[in-house]
Amino acid sequence: MQKQLYWAFKDADLPYFHVQHSRRNRGQVISIQDVVRSSTLQGLKGLEFSRVVIAGANEVWVPDSSEDPEAKRRLLYVGMTRAMDELILTVSGDGPIVGALHAA
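Cut-offs used in this document
Residues numbered from 1 in each chain as written. Predicted model: local features only at pLDDT ≥ 70, side-chain atom pairs only at ≥ 80, totals over all residues. Heavy atoms only, no water. Core = buried A, V, L, I, M, F, W, Y, C linked by side-chain atoms within 4.5 Å. Buried < 20%, exposed > 50% of the residue type's maximum accessible area, 1.4 Å probe, protein only. Helix = DSSP H or I, 4+ residues; strand = E, 2+ residues; numbered from the N terminus. Contact = heavy atoms within 4.5 Å. Phe/Tyr/Trp six-rings, centres within 6.5 Å; stacked < 30°, edge-to-face > 60°.

A word on the nonpolar core
- Membership of the largest hydrophobic core comes to 18 residues, with the highest contact counts inside it found for Val29, Leu41, Phe49, Val60 and Leu76.
- Looking at this core, the elements that each hand over two or more residues are β3 (49-54) and α3 (69-80).
- In this view, Leu76 contacts Leu41, Ile54, Ala57, Val60, Leu89 and Ile97; residues no more than four positions away in its chain are not counted.

Quick look at the structure:
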């Protein structure tokens, strides 16, 4: 997916940066301006952004506990709370995440 995003942004002539888990890369995330950043939800821990878009919330993947709906909700919560000003969340179909959002 990361390569697909890279080429899509490059073809559209939009600046793009992928957030990784290394400290060096995370330092760049904070200092780099006017660029679209992408990351896994796990890669967002400890960072904040003005705007966050989480696409496909029903497809959240949690290492070592992919069938645990609570683990998926916790990880999604981490991603959602990285947004300081605006959060856009997309879902499709049914699933535990959609049910939890409707109940909220």
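Alright, that's what it looks like, and here's the rest.
Looking at the packing of aromatic side chains
- Tallied over the full model, the rule gives three aromatic pairs.
- Ring geometry for Tyr6 versus Trp7: centroids 5.0 Å apart, planes at 80°, classification edge-to-face.
- Assessed through its relative accessible area of 38%, Tyr6 is described here as partly exposed.
- According to the relative accessible area criterion, Trp7 is partly exposed, its value standing at 46%.
- An angle of 20° between the planes, with centres 5.2 Å apart, marks the rings of Phe9 and Tyr16 as stacked. Here Phe9 matches Tyr16 in class, with each residue buried.
- Grouped by ring-pair contacts, the aromatic residues Tyr6, Trp7, Phe9 and Tyr16 constitute a single cluster.

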